[in-house]
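# Residue-level structure breakdown
As a plain string of letters, each chain reads:
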Amino acid sequence: MQFQEIFPHHLPNGATLLFLRETSAPLVSIQYWIPTGSLHEGEWLGSGLSHLVEHLIFKGTATRNSTQLALEIQDIGGHLNAYTSYDRTVYHVDLPSHHVVKALDVLTDAILNPVFPANEFESEKDVIRREFAMGEDNPDNQFWKLALATTFSHHPIRHPIIGQLDLFNRLTREHVLSYFDKRYAPQNLTLVIVGDIVPETLIPHLEQTLGKAPRRLSPDISLAPEPRQIAPRQAKRHFPTDLARVAFLYPIPGFDHTDMPALELLAMLAGEGLSAWLHRSLVEDLGLAEEINAFTYAPCDIGVWGAEAYCLPHQQDELIPKLREILYQLASRPLSTHDLTRIKNQALAQHYHQLRTMHGQAAAIGQGWLLARDPALSYRYLQKLSTVTPDLIREVAQKYLHPDQENLVILTPAPSASTPSTFSKQTTTPQPHTAQSNAIFHPSPPHIRIPEPRLPLYGLHFTLLGALLSESPEQAGLARLTARSWIKSTQRRSAADLAQAVEFLGGHLHSTTGNNATTISIEGLSEHSQLLTELFAEILLEPEFKPEEIETEKRKQLAEIAAEMDNPLNVARKKSRALLYPDHPYARSPLGTAETVANFSPAHVVAFSSQLRSRTPWILALHGPTDLNPDLSWLSPLPTYPDPSSSPLHHLTPAPLTHSKTLHNYHEKDQAVLVLAFPTVPLTSPLKPIFDLTSEALSDLGSRLYQKIREELGLAYYVGASQFTGLTAGHFAFYLGTAPERLQEVLEILKNEITLLAEKGLSEAELQRSRSKLISLHTMEMQNASSIAHQATLNYLYGLGYDFHTRRIEQLESITLDSLNATVAEYLHPTRPYVTVSLSPLNPKNPLS
């Protein structure tokens, strides 16, 4: 990113324009940054007024209603969204750059001219009340609220962004109008545009649109200062969850303080990566935590340094004093030059990863301007990071991590839970601009090269055909455990030594397992490409699989299984798969079950890894600067498979669904969720893009489902469609979240909408809108050479061809409305077998209780 090329322009009414021309892809990211958030709500502090305004902005203008706003953006392949934080509200759209003027007109109209229709005010408040309820069901959300409310006693950051429900309920449309008038004044607006654009051609147009809005009075809002904490605090809350959450938090200064770079590096040293001190000690060595990390968060004039851990409830009493002990040793613990270089390389690599996309670059510019009136702030901040010394890190540890300023926060299951969990019982293409058209396949050894000339990053992705699809019922979760254990240690290096070696190179080592394939990847700074390649060869070919490391990964996987149960929609989706694919691997979760994972031994892991390497097709993809030519001779000992589609896994087909099935379960959450799913086609089917288009058409703010069920009837907070596409089977699912007392009603309405879809089909406008969005989304994804590399390996093993991503747009463009609707009528008609899964709380308001 060339910060000196950022093109600023100030309009007469005080609005600021920040442009960066970036021609690496035919895309543009448009972002309006407004310096107002939950901190700035004045007399209505803690009500969530900022968040309510964000919701209502897209309800229409004098010339466009809410549906027109959404559809006009979607018709040109745009992806429109917004978010509210403590110190900002940001509205953004990402799309093909040749539609930049149209997108600017729509987004600017929404920001300048919202009408906040009175007839939609209460219904949108009901939608946000559902969001309150969802937040109440989310343990991480409740933990963070408790953490900030404990650490800060006076500063407005102590209030949640969404607000307090009782205050929110008192908000009126007049409050919204007044807040908007003062906080969204033109002089407070910053418009950031990054992409394949010519800034000089856009300025005259913006002068006639954004520039014509008159200044308005916008009084400054003073934030209440936080008094110095002089005594430790503690807060504990019981919550229906299987994992305890523990955090130590300490107040720190704001983003502009000279200590911030050292505080960030202290957090990285303590809790970032597998070689971090907290991870090595509490997760790997002592086994007291399942996951741990440290962080800094400073969105305004004040912030927090924290260390948070997830653990089994019975371990929290042992974890807390040990975590506290390690934190207070940070100020005296020796810090080697090697460790300091490692965390600085990590910071640099993370920065580059964020700048891979137009959206990421625009976000960096917007944040720099918001925080310091410096669009190059992130670059200058990294320069400051490079000057931090070990002495400075020790000084900030001693200065801020003080017992008198300690805030201990605990979220834990109630000791008298009436229903113990299962877990608790078990231990046209725009390609010429991008790397996507330049992938090259080499048959011996089989690998794919993707050039990445823009950023000094390098990565290798080794993918094997085999994951969930390779497991027997007794092996459920074994592929995930094997992949996680594979990257722990080698025959030459311990897990700690390996993690340090990777992170010293600015690298990140990770493994992923899904339904069909397993990938092991390493990414880092390209100046270390040879060392990264040598490390990767060692990891792949010489894994150690130490029993104690496997036990640690088992424990962490069991914790993930428990955490998965905290999301009701995830639970419903898992249960729908079990009904759709009985006696087939797709019926199970890639995580496995608490019972199967608890029974795995090191011998199981070693045998499964050997099976993957010796019996399943594989491919390597690498990305980096074009002049890199790493030695790949180490791949030669591995058996090759010229035709991956000859693998038996390609023919492991589930039995057809012969009749409809229904399942209703109760849970301890406040929300009801519903999943209704039809069997469809595998990912290799030529019909898959039809379901991609259909899913996209039914899953956005302008979709018929959203408009009918959420907007018109106000029956759901979220509603949409998704599809699961495995190598040998697939299904299409409709889903929603609603109030328990409305579950039966919304189920009947959803069935009616599905019937209309099957019998009447999508319209030409819906098809074109969906097509535009998918094409632009594909182009956005292909900005990232790492994503291209990963997709190329999967497509090769699936038999689609390593360069299938280059044909994706052509494939989407070839779908006609008649062919789409005929397919939808065939597969998604309610007369065909389907499964319905619902979850709701057991209470008097629930008609199914």
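This text follows the structure it describes.
Let us look at the structure shown here. This structure is a prediction, so every number in the text was calculated from the model and none was measured.

Counting its secondary structure elements, the protein contains 30 helices and 22 strands. Reported as C-alpha extents along the three principal axes, the dimensions of the protein are approximately 70 × 70 × 60 Å. With 849 residues in all, the protein has 61% of them scored as buried. Across the protein, the mean location of the 69 positive side-chain charges is 2 Å away from that of the 90 negative side-chain charges.

The next thing to look at is helix H14 (residues 377-385). Those residues of H14 that fall on the buried side of the exposure criterion are Ser 378, Leu 382 and Leu 385. In a view along the axis of H14, the buried residues occupy a sector of 55°, so they form one face of it. Along its buried surface, H14 packs onto helix H9 (260-271), helix H12 (337-354) and helix H13 (358-372).

Looking now at the pattern of salt bridges. Applying the stated rule across the entire model yields 43 salt bridges. In this structure, Arg 216 and Asp 181 form a salt bridge, with 3.2 Å as the shortest nitrogen-oxygen distance. Remark: Asp 181 occurs in helix H7 (residues 173-183) and Arg 216 occurs in the loop between helix H8 (199-208) and strand E7 (233-238); sequence separation between them is 35 residues. With relative accessibility at 37%, the residue Asp 181 sits in the partly exposed group. In this structure, Lys 688 engages Asp 692 in a salt bridge whose closest nitrogen and oxygen atoms are separated by 3.0 Å. Here Asp 692 and Lys 688 lie together in helix H24 (residues 688-697), a separation of four residues that amounts to about one turn.

Moving on to helix H3 (residues 100-112). Over its 13 residues, H3 extends 18 Å from the first C-alpha to the last, a length consistent with the 18 Å expected when each residue adds 1.5 Å. Summarising burial for H3: 10 of the 13 residues are buried, a large majority. Residues of H3 that are buried include every one of Val 100, Ala 103, Leu 104, Val 106, Leu 107, Thr 108, Asp 109, Ala 110, Ile 111 and Leu 112, and no others.

We now examine the sheet that holds strand E17 (residues 618-624). Strand order in this open sheet of six strands is E12-E13-E17-E14-E16-E15, and the pairing throughout is mixed. Taken across any chain shown, the strands that pair with only one partner, and hence form the sheet edges, are strand E12 (440-442) and strand E15 (508-513). Between one strand axis and the next, the sheet turns through 15° on average, direction left out of account. In terms of strand pairing, strand E14 (residues 457-465) meets E17 through six bridges, oriented antiparallel. Across the sheet, His 461 pairs through a bridge with Ala 621, a residue of E17. Against the sheet, H12 engages E14 and strand E16 (517-525), with an angle of about 110° to E16. Lying on the sheet, helix H17 (residues 478-486) is in contact with E14, E15 and E16; it crosses E15 at an angle near 170°.

Our next topic: the sheet that holds strand E22 (residues 835-841). Taken in spatial order, the five strands make up an open sheet running E18-E22-E19-E21-E20, and their pairing is mixed. Strands with a single pairing partner mark the edges of an open sheet, and in this sheet they are strand E18 (661-667) and strand E20 (716-725). When strand polarity is set aside, the average angle formed by the axes of neighbouring strands in this sheet is 15°. Strand direction decides the pairing type here: E20 and strand E21 (residues 730-738), joined by nine bridges, are antiparallel. Within E21, the residue paired with Gly 720 across the bridge is Tyr 735. The strands touched by helix H26 (residues 743-760) within the sheet are E18, strand E19 (672-679), E21 and E22, with E19 carrying the most contacts at an inclination of about 30°.

Thresholds applied
- Residues numbered from 1 in each chain as written.
- Predicted model: local features only at pLDDT ≥ 70, side-chain atom pairs only at ≥ 80, totals over all residues.
- Heavy atoms only, no water.
- Helix = DSSP H or I, 4+ residues; strand = E, 2+ residues; numbered from the N terminus.
- Buried < 20%, exposed > 50% of the residue type's maximum accessible area, 1.4 Å probe, protein only.
- Lys, Arg positive; Asp, Glu negative; His and termini not counted.
- Charge placed at Lys NZ, Arg CZ, Asp CG, Glu CD.
- Arc of directions from axis to C-beta.
- Contact = heavy atoms within 4.5 Å.
- Salt bridge = Lys/Arg side-chain N within 4 Å of Asp/Glu carboxyl O.
- Expected span 1.5 Å × (residues − 1).
- Pairing = 2+ DSSP bridges.
- Axes fitted to C-alpha atoms, helices over the stretch in contact; angles between N-to-C directions.

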